[in-house]
Amino acid sequence: MAAFKGRVVRAALTGKLGFGEDRSGPHPVYERVHDGAVVGVTHMSHNAGGRDLSDHELAAMARQLGVRGPELRQAIGCAISGDDFLALLLA
Amino acid sequence: MSSTAEHLFLEEPSRPEERPDRRVAAPDDPHAARVPTHPEALEAPDFAGAFESSDAGAPSPSRLSVVVDELGQYVVQDVVGGAYGVGQAPEEAFADYWTALDQRLAFLRARRDALSARLARQLRELEELFPGR
């Protein structure tokens, strides 16, 4: 399975997937807000930017978001649109 | 109930022969559990149920899991799926987990009135799982 660099995951989250980023804490936190409600929150481990994220890390991020690992991977890899990923968050 | 040590045995199926020293007991954390090592297994519906605590208020060996991933990192995760920690050593991964958990609790509590139903439920579950944090 293709690995994703942390910076690629970050770019996908803050780009087409519409997450806001909060870097004020020990880990960068990514928050998706829709119609005034917080519908998804995840974080990336520190120093993740330049290294590959393992399947386990992506699966853990997916669990935080309430989606399945393959769905998060597809969203990062552009096989799932931002709107469709939002629908998964809202499901 | 099984002893904690029974729940702390780790396996590294991808490289057991190369680094037998990594087939180790986890650190001195009373809450770790042995879990499936395939990432999809972590998403299986029966994962949380398999490690549910029935002992409210008492330390449970089932609240956290630790695995060694395909990159050789230790990944610690709670049964709620609320937080996770990563490290090159078990101690580092557990420390990262507790930092991440406290950060997530603070983040969600600060937005309690705006959370979706799923996140509000997750916050409640984390607070029940880790009372006092």
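Residues numbered from 1 in each chain as written. Chains lettered and ligands numbered in written order. Predicted model: local features only at pLDDT ≥ 70, side-chain atom pairs only at ≥ 80, totals over all residues. Heavy atoms only, no water.

This next bit is on the interface of chain B and chain A. Contacts between chain B and chain A engage 36 residues on the former and 36 residues on the latter. Here chain B packs against chain A, burying approximately 2,800 Å² in sum over the two surfaces, 53% of which is carbon and sulfur. Inspection of the chain B/chain A interface yields one salt bridge. Residue Glu31 of chain A is joined to Arg111 of chain B by a salt bridge in which the shortest nitrogen-to-oxygen separation is 2.8 Å. Along the contact surface separating chain B from chain A lie 21 residue pairs in polar contact (both at pLDDT 80 or more). Breaking the side of chain B that touches chain A down by element, the ones donating at least two residues are helix H2 (39-43), strand E3 (74-78), strand E4 (84-87), helix H4 (90-110) and helix H5 (117-129) of chain B. (Contact = heavy atoms within 4.5 Å. Buried area = accessible area lost by both parts, 1.4 Å probe. Salt bridge = Lys/Arg side-chain N within 4 Å of Asp/Glu carboxyl O. Polar contact = N/O pair within 3.5 Å; in protein donor to acceptor, adjacent residues only side chain to side chain. Helix = DSSP H or I, 4+ residues; strand = E, 2+ residues; numbered from the N terminus.)

Quick look at the pattern of salt bridges now. One pass over the structure, following the stated rule, counts eight salt bridges over all chains. Between Arg51 of chain A and Glu57 of chain A there is a salt bridge; the shortest N-O distance is 2.9 Å. Residue Glu57 of chain A is classed as buried on the basis of its relative accessible area, which comes to 0%. In this structure, Arg133 of chain B engages Asp102 of chain B in a salt bridge whose closest nitrogen and oxygen atoms are separated by 2.9 Å. Of this pair, Arg133 of chain B sits in the segment after H5 while Asp102 of chain B is found in helix H4, placing the two residues 31 residues apart along the sequence. (Buried < 20%, exposed > 50% of the residue type's maximum accessible area, 1.4 Å probe, protein only.)

Now for the side chain of Asp69 of chain B. Note on placement: Asp69 of chain B falls in the loop between strand E2 (64-68) and E3. Side-chain polar atoms of Asp69 of chain B contact the side chain of Ser54 of chain A, separated by 2.7 Å. A polar contact is formed between the side chain of Asp69 of chain B and the backbone nitrogen of Leu71 of chain B, at a distance of 2.8 Å. Excluding its chain neighbours within four sequence positions, the residues that come into contact with Asp69 of chain B are Ser54, His56 and Glu57 of chain A together with Val75 of chain B.

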